[in-house]
Amino acid sequence: MNQFNRTNYIFPAIGMGLILSAIIFVVVLIPRWTFRPPQPKDLRDYTSQELRGREVYTREGCFYCHSMVSRPQDWDHGTKSKASDYYYDEWHLLGSERSGPDLSQIGGKFPDEYHVQHHRNPHSLKPGSIMPSYDYLSDQDMNDVTAYLQSLGSNGRRALDPQTGKLKWAELVDAKVPSGKIEKVAIWKGGANFVADRERIASESYDQHPETPYKYTAEVEELLLGTSHEAQLSKGAVQAVATATFPTQEALREARIENADVRAWTEVDYKEPATAPRDTVGITSLQKIRTIANQGRGIYNQKCGSCHGLTGNGRGWASASMTKRAANFWEDKFENYRTDTWYWRIRRGVPGTQMPRWEFELTPEQSLYLVAFMKYVSQNKGLGALKGMDDPIYGIPPSSAKTSPQPPN
Amino acid sequence: MNRNEGLDSSLSWVDRFQSWLAIEGSASTRFLFSGAFWGLVGTSLGLLAATEYWAPDLVRGIPQLSFGRIRPTHVNTVGFGFISMAMVGANFFVIPELCRTKLYSEKMANLLMLAWNAVIALGMFALMNGYTEGREYAEYPWWIDIPLFVALLLYIVIIWGTVLNRQEKQLYVTVWYVAGTTLWFPVVFLIGNKIFFSVTGIGDSIANWFYGHNILGLWFTTNGIGLTYYFLPKITKNPLYSHLLSIVGFSTIAMFYTPTGTHHLLQSPVPEWLKAVAVISSVMLLIPVMSVLVNFFLTMKGKWNMVVTNIPLRFFITAMWFYLLTCFTGPFQATRWINWYLHFTHWVVAHAHFALLGTFGFVAWGAIYYILPRVSGKQWYSRRLATAHYWLTLTGVIIMISALTVAGLYQSAAWEEGTPVYRGGTYVLSPFMATRAFSGLLIVLGQILLFYNMYKTLFSREGSIDGTTEPDDLPTSGGKI
């Protein structure tokens, strides 16, 4: 090998090395030195629980299906992500593919129990979802990852009011504390009373502050941002109260077991046979399900009909003025809803819409009758054989269903 | 065959191990064999993940097999296990040939093989048990990154030792690519894996995608293209069409591939100038790609009919057609407006499989089919199995890419319209996901055939069952592994 040949390769090699170094300098080092988003004024740091939840989120690979960036074109995901949103992140979780919804604004959209139930059994809340069940997570992991999810976004638990620097989620409400007394506690807006309070406060002056749905009168400021002493609790104490006052999964389960008989009837198929045996005498199963569904219809007419329409097609008179129209239960997707799903939607409402939380007004039993009616309406695309039945009075105790109305002749 | 043939059984196990390490040509074979093994494992993991897309609760209650853990395991196992090991094995055959010398150190290369296998196995264990850094393509935790980095350093020593000991004055294009890659990739690896360089916040995504795209650009592409530069002229016995084009392709690849990473973040809040640099260089990538492909396809002039009879050539040519398609859709989908529409959809997943499975997977398989008889001194056990492997894989890749592409267009159209596909009662992508899982089944079947064929070739005395005569210049020595 002579010297000439050597130089022939060495100079191009050095040249390429220099080009590569220059490019690395430009695209890796310069951004590192110059691109430093400022500490955000509308976000606090993670708590240790939220950080543990972030580790669980990473460990379970959630970010392979859920992205963590709300893009300009994502119309329904809330505020667009900005660089300072990621200030406290040690590693990024932006994701590269969305098989599920974006989670950058998930905090505050659903109550904690919704997340827990959704992680345990996604299909019970979203029929047809391809999210796998994560029921193998320990309770600790489940709570941590829920805390992490609730911390995200401009309505999450980490969100601060940029003007005062106080937590945006803190809210003073009357709540039953663990000892059983009713006290005024600071509570997160994604928890109990979320919909009611949000509507009440938002109606005061939404137009003056389009970027935040709350009016900053002295009274509301005290309510929301906590200038009073109750809200000066430490972050941890506030969170503890906020989670403790929610009904737990166990309580919900118990409520359903008490109504095991009614619940069993809600699990049956409500599809009317093509040729209905109209002349059957006595209590047949068809009569039974019609009777139970008709009980629910009484509740429905009083509570739901104004928006969803008396036949369940979503064309109630109140629906006309809504930005998000009331659901049309004749749509195919509702046929697949399970009892759990219906029950949950009725009891907890649908956050982000005007669907209220009926758990404050309906007993679990009444809700189950309503579930029966919803199943009947969605599976038969309308009132079907209930049309001719007497409209029972709302509030009849279930035992009176023994003297059931007869099907039409 | 007695695996210890030629080794004195009276020696202690340490000596026997050392002579096992020193068998000539064994490192290449063992690397190729490991590559095929990890290919089987990796594609099976991919099949499982694909099936979970269609049947989410398939393995309910087993955390190790849940989708979020299987997906990184699949990606890292096929990337670092299958494709990388097969390519390193091919380099250990090709570079000594081109330098007319022996591999610098067979022992070192075999130690590298053991270490690399250990890293991949340990990596699988780590990822399936939730030890992950959570950054795409860099999921391995630090206690796997560091051995892998040391392995890469060892690899530099072996390749450069061979190149510097060469008996041939001229350095062929393949040597530039392979020797260059050995130096570039460890740098990229260091930056991407937070070993000495770490950024927090959204800046981490820039570093992550710098690495994520350059593992393709400066590792798989440069190795795969370099190998094809060797194999095409070698198999067809045509001279390389243009030396000048190969210089153009080589010198522009490092220039235009390196800054493209940020095109994965076009709608994220990262600096706009960085996005502009990424988009421009992504489009400029057409220069190295075109120069390489024009060179390859013109080298094939008059010899296209060999694709029918020559199995390795068939794999290489298929790979290059896939490369053409990948590299034409790549710059196109990296531009802002197309990316606006296509980002976050299954289209991108299809593109990744186009590049890694369709192009570099096929290069790795072609290299395996070409090299194995020549280092082992044995004809392939069955040509028919090899043909079946080719057709199964090709069909699988085409079905997979079509299904994912259409699914991606579905998703993006739904987003544009404002009703994401995951809303509503049923998951409309389900049929596409079922099709994709089926295509995965075909690919896994192909891998089983390849592995069986390879095993029979290396470890049985039967010889070829259907009279394969593809390498007519089979070496008389060799065959030990």
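All values reported here derive from a predicted model rather than from experimental measurement.

Visitor: Can you walk me through unusual backbone geometry in this structure?
Guide: Backbone phi values are negative for most residues with the exception of glycine, while trans is the configuration of most peptide bonds. Residues and elements named next belong to chain B. A positive phi angle, close to 50°, is found at Arg 100, a residue other than glycine. Tracing the backbone through its elements, the reader meets Arg 100 in the loop between helix H3 (67-99) and helix H4 (106-128). C-beta crowding within 10 Å serves as the criterion here: with 11 such atoms nearby, Arg 100 is assigned to the exposed category. The backbone of Tyr 137 shows a phi angle near 70°, a positive value even though the residue is not glycine.

Visitor: Is there a simple way to explain the confidence of the model for chain A in this structure?
Guide: In low-pLDDT regions, the fine details of the predicted coordinates are not to be read closely. Residues and elements named next belong to chain A. Scored by pLDDT, chain A comes out at a mean of 69, with 63% of its residues at no less than 70. The lowest-confidence element of chain A is helix H8 (residues 235-244), averaging 33 in pLDDT; the highest-confidence one is helix H2 (residues 48-59), averaging 92. Note on residues 183-252: pLDDT under 50 across the span, and 104 contacts to partners over four residues away in sequence or across chains. Long-range and interchain partners of residues 277-283, a stretch whose pLDDT sits below 50, account for five contacts in this model, where long-range means more than four residues apart.

Visitor: Explain the packing of helix H9 (residues 272-284) of chain B against helix H12 (residues 311-334) of chain B to me, please; I cannot follow it from the model alone.
Guide: How two helices pack is summed up by the angle between their axes together with the distance between the axes. All names here are of chain B. Interhelical geometry of H9 versus H12 gives an angle of 155° and a closest axis separation of 8 Å. Here H9 is positioned roughly antiparallel relative to H12, judged by the angle of their axes. As for how H9 packs across H12, the hand of that crossing is left-handed. For the pair formed by H9 and H12, the contact residues are Val 279, Ser 282 and Val 283 on the first element and Gly 330, Pro 331 and Ala 334 on the second. Partitioned by chemical class, the residues of the contact of H9 with H12 number four nonpolar, two polar and no charged.

Visitor: Got a minute to help me understand the packing of H3(B) against helix H5 (residues 142-164) of chain B in this structure?
Guide: Residue and element names in this part refer to chain B. Viewed as axis vectors pointing N to C, H3 and H5 meet at an angle of 20°, and their least axial separation amounts to 9 Å. With respect to H5, the element H3 is oriented roughly parallel. H3 and H5 meet at a crossing whose hand is left-handed. Where H3 approaches H5, its residues Val 88, Asn 91, Ile 95, Pro 96 and Cys 99 are matched on the opposing element by Tyr 155, Ile 159, Thr 162 and Val 163.

Conventions and cut-offs
- Residues numbered from 1 in each chain as written.
- Chains lettered and ligands numbered in written order.
- Predicted model: local features only at pLDDT ≥ 70, side-chain atom pairs only at ≥ 80, totals over all residues.
- Helix = DSSP H or I, 4+ residues; strand = E, 2+ residues; numbered from the N terminus.
- Buried ≥ 20, exposed ≤ 12 C-beta atoms within 10 Å, placed from the backbone.
- pLDDT = per-residue confidence, 0-100.
- Contact = placed C-beta atoms within 7 Å.
- Axes fitted to C-alpha atoms, helices over the stretch in contact; angles between N-to-C directions.
- Parallel < 35°, antiparallel > 145°, perpendicular 65-115°, else oblique.
- Left-handed = near helix turned anticlockwise from the far one by under 90°.
- Nonpolar A, V, L, I, M, F, W, Y, C, P; charged D, E, K, R; others polar.

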